[in-house]
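The primary structure of each chain is shown beneath.
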Amino acid sequence: MTIRNLDDLLAEGVSGRRVLVRADLNVPLDKQTGAITDDGRIRAVLPTLTALTGAGAKVVVFSHLGRPKGAPDPQFSLRPVAARLGELLGAQVRFAEDTVGESARSTVDALADGEVALLENLRFNKGETSKDEAERGAFADQLAALGEAYVDDAFGAVHRKHASVFDVPARLPHVAGRLVLREVEVLAKLTGEPERPYVVVLGGSKVSDKLAVIEALLPKVDRLLIGGGMCFTFLKAQGHEVGTSLLEEEMVETCRNLLERADGKILLPVDVVAADAFAPDAAHDTVRSDAIPSHRLGLDIGPETVAGFAAALADAKTIFWNGPMGVFEMAAFANGTRGVAEAITKADAFSVVGGGDSAAAVRALGLDESSFGHISTGGGASLEYLEGKTLPGIAALED
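Residues numbered from 1 in each chain as written. Predicted model: local features only at pLDDT ≥ 70, side-chain atom pairs only at ≥ 80, totals over all residues. Heavy atoms only, no water.

This part takes up the pairing of strand β8 (residues 223-226). Sheet topology note: the strand β7 (residues 198-202)/β8 ladder contains four bridges and is parallel. Pairing of V199 across the sheet is with R223, part of β8. Each parallel crossover has a hand, and the one from β7 via helix α10 (residues 207-217) to β8 is right-handed. Note that β8 and strand β9 (residues 266-267) share two bridges and pair parallel. Note on β9: the bridge partner recorded for L225 is L267. (Pairing = 2+ DSSP bridges. Helix = DSSP H or I, 4+ residues; strand = E, 2+ residues; numbered from the N terminus. Right-handed = clockwise from strand over helix to strand, strands pointing away.)

This is the structure in structure tokens:
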């Protein structure tokens, strides 16, 4: 199977043609002001958009944002994204008040060559996420009618069997955008024959969210470092009490089995920052991971663990990192994530940051993005790729 890319489409000529671009503009918004707090995903699609506008295409961008319930919801409007996208492109981005209705049709019809329109949130329409193929297909028909060609540049959504990702490409000439192509090339390196030592760092809150990727990676990696909230279920599996820390009781036995099979590959925290409450100003101190007080909860890995993880990363040649080491959004509990991230940048390795909260942490902590080999835009998609799953959005692009 082959996947055609944006250069193939550009070679055919796109001047004056309406080109649909599925982007992942699911950016975080400030709950009080509605302002965009991290525009990384908007910036990620710029190379594809500028290539198309430069070639004279009429570019129609569509995306989801948040989890509206299949109906318009002002708090999930893409209007602020249109404004930011226009600033980054240095040109006006026309905004449609709906996705496939009168506003969308008139906005697209008004596009001149080289101009960009952004449609309102795809998930304001039930057909986008419907499991009913007829309902999803009917919505895809309406979307496809707006364009003459389709470009998927939304890697963060390719693991979803949604109308805009899976069904629209079946109805139009289709290619992978710059971002999707780069993501697939990078992750293929990790699933092929990565240069060793190959070290994976996993964090985040739940073991259940990462179980499949742990199972898939354990035979392939040299070391697997586990932090974040998920580490406490592993610590419990070792027989330690974890106080009021996040714990998936039903996963303890699974973690015990993983540790037995890991043959020493799995490294867990030896100390944690334990707090009285889940709050930025909560009283806290560093304790041994086998001596967490019963009234406290762990919110970060401790300095000794950071040093140990850094040592485990020092000689790595390939690194994959997905999930923060602690509650990095709170300054008191950000040191673990910062320390491990800095250790990754110091290693002479090809490093991949697996999207989601990890990518957000890199930017929130002011780390130099260029010091990582690749920062993925899709946390869930990158994990499912590494698990060996078929991603619907990628399968839909294959010819």
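Additional details are given in the paragraphs that follow.
Once that is clear, we can look at the packing of helix α13 (residues 303-313) against helix α14 (residues 335-346). Contact geometry for α13 and α14: axes closest at 9 Å, N-to-C directions at 20°. On the basis of their axis angle, the class for α13 and α14 is roughly parallel. As α13 runs across α14, the sense of the crossing is right-handed. When α13 is examined against α14, the residues V306, F309, A310 and L313 are found in contact with a partner set consisting of N335, G336, G339, V340, A343 and I344. (Axes fitted to C-alpha atoms, helices over the stretch in contact; angles between N-to-C directions. Parallel < 35°, antiparallel > 145°, perpendicular 65-115°, else oblique. Left-handed = near helix turned anticlockwise from the far one by under 90°. Contact = heavy atoms within 4.5 Å.)

With that settled, consider the sheet that holds β9. Ordered by their spatial adjacency, six strands build an open sheet running β9-β8-β7-β13-β14-β15, and the pairing between neighbours is parallel. Strands at the two margins of the open sheet, each flanked by one partner only, are β9 and β15 (374-375). Two strands pair when backbone bridges link them, and β7 and strand β13 (residues 318-322) are joined in this way by five bridges, in the parallel orientation. Along β13, the bridge assignment pairs V200 with F320. In the packing of α14 onto the sheet, contacts are made with β7, β13 and β14 (350-353), and the angle to β13 comes to roughly 155°.

Membership of the largest hydrophobic core comes to 66 residues, with the highest contact counts inside it found for L224 and F234. Beyond its immediate chain neighbours, meaning those up to four positions away, L224 contacts V200, L202, I214, L218, K265, I266 and L267. Counting 31 residues, the second-largest nonpolar core is a separate cluster that includes L9, L25, A57 and V59. (Core = buried A, V, L, I, M, F, W, Y, C linked by side-chain atoms within 4.5 Å. Buried < 20%, exposed > 50% of the residue type's maximum accessible area, 1.4 Å probe, protein only.)

Of the residues making up helix α3 (residues 46-54), those classed as buried are L46, T48, L49, A51 and L52. Just downstream of α3 lies G56, where phi reads positive at about 90°.

Inspection of every chain in the model, using the stated rule, returns 25 salt bridges. Its salt-bridge partner being D38, residue R363 comes within 2.8 Å of it at the nearest N-O pair. Here the residue R363 occupies a position in helix α15 (residues 356-364), and D38 occupies one in the loop between β1 (18-23) and α2 (40-44), the gap between them amounting to 325 residues. Exposure remark for R363: the relative accessible area of 27% places this residue in the partly exposed category. Notably, a salt bridge pairs D167 with R136, separated by 2.6 Å at the nearest N-O pair. Of this pair, D167 sits in helix α8 (residues 163-167) while R136 sits in helix α7 (residues 133-144), placing them 31 residues apart in sequence. (Salt bridge = Lys/Arg side-chain N within 4 Å of Asp/Glu carboxyl O.)

Read across the sheet, three strands follow the order β11-β10-β12 without closing on themselves; strand pairing throughout is antiparallel. The open sheet is flanked by β11 (284-288) and β12 (297-301), the only strands paired with a single partner. Across the sheet, the axes of successive neighbouring strands diverge by a mean angle of 40°, strand direction being ignored. Running at roughly 40° to β12, α13 makes contact with β10 (271-275), β11 and β12 of the sheet.

Looking at helix α12 (residues 252-261), one finds that the buried residues are V252, C255 and L258. An end-on view of α12 places all buried positions within 120° of arc, on one side of the element. Buried residues in α12 make contact with α10, α11 (231-237) and β9. D263 sits one or two positions beyond α12 and adopts a positive phi of about 55°. (Arc of directions from axis to C-beta.)

Bringing the environment of A360 into the picture now. Mapping A360 onto the fold places it in helix α15. For A360, a relative accessible area of 24% corresponds to the partly exposed category. It is 20 Å that separates the C-alpha atoms of A360 and A279, two residues lying 81 residues apart in sequence. Sequence-distant contacts of A360, defined by excluding residues within four places in its chain, comprise D38 and F328.

Now for the environment of L10. Mapped onto the elements of the fold, L10 is located in helix α1 (residues 6-12). The exposure class of L10 is partly exposed, given its relative accessible area of 22%. Residues contacting L10, with those up to four places away along its chain left out, are A51, L52, A55 and R178.

Our focus in this paragraph is the pairing of β14. Along any regular strand, the residues point their side chains to alternate faces of the sheet. Where β13 lies against β14, four bridges are found, and the strand directions are parallel. Pairing of W321 across the sheet is with V353, part of β14. Taken together, β13, α14 and β14 constitute a β-α-β crossover, and its handedness is right-handed. As paired elements, β14 and β15 share two bridges and run parallel to each other. The residue bridging V353 from the neighbouring strand is I375, located in β15.

As a further point, take the packing of aromatic side chains. A full pass over the atoms with the stated rule returns two aromatic pairs. A ring pair is formed by W321 and F372, whose centres lie 6.5 Å apart and whose planes are at 35°; its orientation type is tilted. With W321 in strand β13 and F372 in the loop between α15 and β15, this pair connects stretches of sequence that are 51 residues apart. Above the ring of F350, the side-chain terminus of K189 is found at 4.4 Å from the ring centroid. (Phe/Tyr/Trp six-rings, centres within 6.5 Å; stacked < 30°, edge-to-face > 60°. Lys NZ or Arg CZ within 6 Å of the ring centre and 35° of its normal.)

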